[in-house]
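Examining the three-dimensional arrangement
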Amino acid sequence: MEGLPAISRLKEALDGVLFGQEGVIEALLATVLARGHALMEGVPGLGKTLLAEGFARASGLSYKRIQFTPDLLPQDLTGSEVFREGRFEFIKGPLFAQVVLADEINRAPPKVQSALLEAMQERAVTIGGVRYSLPEPFFVVATQNPLELEGTYPLPEAQLDRFTARIPFRPPRREVWLRILTEEPHLPEPLPVDFLKAQKEAQAVRVAREALEAITHVAFLSGEDGRLRMGLSPRGAKAWLALARALAYLRGKPLVDWKELKDAAFLALPHRLFLTEEALYEGERPEEILKQLLKKGGIP
């Protein structure tokens, strides 16, 4: 785990950016190490944008912020071709950065939201029939306001499935409020982190056969649960496993433990559990259903 000291220094630096949200910071770093993308959800003002900017600055990665609005167009993300001096020239859009903040992603209509799909899945965009690769590492961190707020749209299910983790933001603890009111967040200087190497190390963390069988069992149970419109997909199961490995790596463990498996499940799965109309009417919640599935699947 040669890259862990650098990741640990980065985590300490981010603790000075977003006060009292150690779990959120760990989840964000685990998502990066899992080579995935993160969807951060919470009411405005909790520090979602601040954390994304702080992460990009602290890690020394290139950074672009896209403010999603109802009048946004797909080419505002990917870029477009312009005619100059007798030929077409491709002008890169803000997706061509290593850390892309899609701020308030669910304020744009579905057509624009779907423009992110190829970039998130393929790490490339296609313009005018030409494929352009995005820089590595490539990490999309999107912020989402609760759907109850005015002017929001639900994300398409296919796009939700592209997010490795959904990270809920909750109000700060009572003891953190005084620090928030009296201290300014400290945006750190860039720290040298070899993310490509750290990602390989994180995904090399060992997983016992019992843990793999538990993931399989939960996946099958989700497909048989009458409260869900569909079961867990292979992509979702792989995201769960990758996050469990990343959490174990961050915690200095050579083997995925039950705790990492359970913690990763609540990052990787709730936004992938789509409830039936009857379940929604009865007030069921994905997190509660997930708790029951994990227990049935043998995960303590």
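Let me sum up the structure you'll find in this document.

Reading the values: the criteria
- Going along each chain's sequence as written, the residues are numbered from 1 onward.
- Predicted model: local features are reported for residues with pLDDT of at least 70 only, side-chain atom pairs are reported and counted for 80 or more only, and whole-chain, interface and lining totals are derived from all residues.
- Side-chain metrics in this entry use all non-hydrogen atoms of the structure; hydrogen atoms and water are not considered.
- In this text, helices come from DSSP runs of H or I with a minimum length of four residues, and strands from runs of E with a minimum of two, each type numbered from the N-terminal end.
- Only C-alpha atoms enter the radius of gyration; for comparison, a globular chain is expected to reach 2.2 Å times N to the power 0.38, where N is the number of residues.
- For every residue, the accessible area obtained with a 1.4 Å probe (protein chains only) is divided by the maximum for its type, and the residue is called buried under 20%, exposed over 50%, and partly exposed between those limits.
- Any pair of residues with heavy atoms lying within 4.5 Å of one another is described as a contacting pair.
- Every accessible area reported is derived by Shrake-Rupley at a probe size of 1.4 Å, with residue values counting cover from the shown protein chains alone.
- Here, a strand pair is defined by DSSP locating no fewer than two bridges between the strands.
- In this analysis, axes come from line fits to C-alpha atoms, helices being fitted only over the stretch in contact, and the angle between any two N-to-C directions falls in the range 0 to 180 degrees.
- Throughout, the term roughly parallel applies to angles under 35 degrees, roughly antiparallel to angles over 145, roughly perpendicular to angles from 65 to 115, and oblique to all others.
- Crossings are classed by handedness, with left-handed meaning an anticlockwise turn of the near helix from the far one by less than a right angle and right-handed meaning a clockwise turn.
- A side-chain nitrogen of Lys or Arg and a carboxyl oxygen of Asp or Glu constitute a salt bridge if their distance falls within 4 Å.
- Joining through side-chain atoms within 4.5 Å is the link that ties buried Ala, Val, Leu, Ile, Met, Phe, Trp, Tyr and Cys residues into a set, and such a set is a nonpolar core.
- Geometry of aromatic contacts follows a simple scheme: Phe, Tyr and Trp rings, the Trp one being its six-membered ring, pair when their centres are within 6.5 Å, and the pair is stacked under 30 degrees between planes, edge-to-face over 60, tilted otherwise.

**Description of the overall build of the chain**
Per the secondary structure count, the chain includes 14 helices and 9 strands. Relative to its length of 300 residues, the chain is compact, with a C-alpha radius of gyration of 20 Å against a globular reference of 19 Å. When its C-alpha atoms are laid out on the principal axes, the chain stretches across 65 × 45 × 40 Å. Expressed as a percentage of its 300 residues, the buried residues of the chain come to 52%. Looking at the chain alone, contacts between residues at least 24 apart form 77% of all its contacts between residues at least 6 apart. About 14700 Å² of surface is accessible on the chain, with carbon and sulfur atoms providing 54% of the total.

**Regarding the pairing of strand β4 (residues 87-92)**
Summarising the sheet, strand β3 (residues 79-84) and β4 pair through 6 bridges and their orientation is antiparallel. In the strand pairing of β4, E81 is matched with F90. Counting the residues between successive antiparallel strands, the hairpin from β3 to β4 contains 2 residues, one of them, E85, with a positive phi of roughly 50°.

**Notes on the packing of helix α1 (residues 4-15) against helix α2 (residues 22-33)**
In the contact formed by α1 and α2, the axes pass within 10 Å of each other and the chain directions differ by 140°. By the angle between their directions, the pair α1 and α2 is classed as oblique. Relative to α2, α1 is oriented so that their crossing is right-handed. Facing I7, L10, K11, L14 and D15 of α1, the residues of α2 in contact are E22, I25, E26, L29 and L33.

**Here's the deal with the pattern of salt bridges**
Enumeration over the complete set of coordinates arrives at 25 salt bridges. In this structure, E104 engages R107 in a salt bridge whose closest nitrogen and oxygen atoms are separated by 3.2 Å. There is no split in this pair, since E104 and R107 are both buried. Note that E122 and R131 form a salt bridge whose closest N and O atoms lie 3.8 Å from each other. Since its relative accessible area comes to 43%, E122 is described here as partly exposed. Among the ionic contacts, a cluster of salt bridges with common partners joins E26, R251, K253, D257, K259, E260 and D263.

**Things to note about the nonpolar core**
Among the nonpolar cores identified, the biggest contains 72 residues, and L14, L51, F55, V141, I167, W240 and L261 are the most heavily contacted of them. Counting 28 residues, the second largest nonpolar core, distinct from the first, contains F90, V125, A142 and F163.

**Observations concerning the packing of aromatic side chains**
Tallying each qualifying case throughout the model produces 4 aromatic pairs. Aromatic pair F55 and F139: ring centres 5.8 Å apart, planes at 75°, arrangement edge-to-face. Placement of F55 in helix α3 (residues 48-59) and of F139 in strand β8 (residues 139-144) is noted, with a sequence separation of 84 residues between them. Side by side, F55 and F139 carry an identical accessibility label, which is buried. Following the ring pairs from residue to residue traces out a cluster consisting of F55, F139 and F195.

**Section: the pairing of strand β6 (residues 124-127)**
Both faces of the sheet carry side chains from a regular strand, because those side chains alternate between them. When β6 meets strand β7 (residues 130-133), the two strands line up antiparallel, connected through 4 bridges. Residue pairing for β7: T126 is matched across the bridge by R131. Where β6 folds back onto β7 in an antiparallel hairpin, the turn is made up of 2 residues, including G128, whose phi is positive at roughly 60°.

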